[in-house]
Amino acid sequence: MTEQELKPENAAATNELSALVITLLKGVIYQEGEASLWNALLNLQARVRDYVTVLGLELVLDESEGYAFLRARLESEGEGVAKLPRLVARRPLTFPVSLLLALLRKKLAEFDASGGDTRLVLTRDQLVELVRVFLPDSSNEAKLIDQIETHLNKIVELGFLRKLKTGAGQPTAFEVRRIIKAFVDAQWLNDFDTRLSAYQVQINATSAGDSNG
């Protein structure tokens, strides 16, 4: 061990790097609410990128939006290159969850274009109305709302929505996390109308099948 390695500042930097990588492996780091980690990440991002590359991952860091996360690097297509096992698993999404993500991304784009606040907050009722028109008709209103809430909870779990604390008598509200922009990108958004048409065809087919059954 060298004298350089024994210096306290080097040990502190190593601990800081380890804390950053461990936190990123668990999920997203947000500038809001995690200022100390965020500032450390900005200072050590080159070392973080080098570190996670060994694990087959890459760091996605958006300073303007204030979030960072890890994702699997695209696999090399070269012959003789062994494929690494996936450390970050892919999560298949159900049709309603995919639809909700698309609608939320569209809503965020419209919100940003309006030039208003930086935080898009929607009540549970607004979210229900946002998706209701695209789901099969249901004569059971309570059951429909329960189903939509299940999908909303999944999106909260995935990190694209954050449930806000509200006072007694106030409606349940959610903040649309801006990290959704990293997963539903501009090209995807440009094809939004086409995708919605495809969704509508699937819904109509599902409804027809249910009525025939």
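Residues numbered from 1 in each chain as written. Predicted model: local features only at pLDDT ≥ 70, side-chain atom pairs only at ≥ 80, totals over all residues. Heavy atoms only, no water.

## Concerning the overall build of the chain
- When you go through the chain residue by residue, the secondary structure sums to nine helices and six strands.
- Counting every position in the chain, which comprises 213 residues, the buried fraction comes to 32%.
- Here the contacts in the chain between residues at least 6 apart in sequence split such that 57% fall between residues at least 24 apart.
- In the structure as shown, the chain presents an accessible area of about 13500 Å², 51% of it carried by carbon and sulfur atoms. (Helix = DSSP H or I, 4+ residues; strand = E, 2+ residues; numbered from the N terminus. Buried < 20%, exposed > 50% of the residue type's maximum accessible area, 1.4 Å probe, protein only. Contact = heavy atoms within 4.5 Å. Areas by Shrake-Rupley, 256 points an atom, 1.4 Å probe, with all protein chains shown as cover.)

## Examining helix 5 (residues 124–132)
- Those residues of helix 5 lying buried are Leu127, Val128, Leu130 and Val131. Burial along helix 5 is one-sided: seen end-on, the buried residues are contained in an arc of 160°.
- Next to the buried residues of helix 5 lie helix 4 (95–113), strand 4 (121–123), helix 6 (141–158), strand 5 (161–163) and strand 6 (173–176). (Arc of directions from axis to C-beta.)

## Regarding the packing of aromatic side chains
- Throughout the structure, instances matching the rule amount to three aromatic pairs.
- With 5.2 Å between their ring centres and 75° between their planes, phenylalanine 160 and phenylalanine 183 make a pair best called edge-to-face. Of this pair, phenylalanine 160 sits in the loop between helix 6 and strand 5 while phenylalanine 183 sits in helix 7 (residues 180–183), and the two are 23 residues apart along the sequence.
- You can call phenylalanine 160 buried: its relative accessible area is 8%.
- Cluster of aromatic residues (ring-pair linked, three or more members): Tyr67, Phe69, Phe160 and Phe183.
- Above the face of the tyrosine 30 ring, arginine 177 is positioned so that its terminal group lies 3.7 Å from the ring centre. (Phe/Tyr/Trp six-rings, centres within 6.5 Å; stacked < 30°, edge-to-face > 60°. Lys NZ or Arg CZ within 6 Å of the ring centre and 35° of its normal.)

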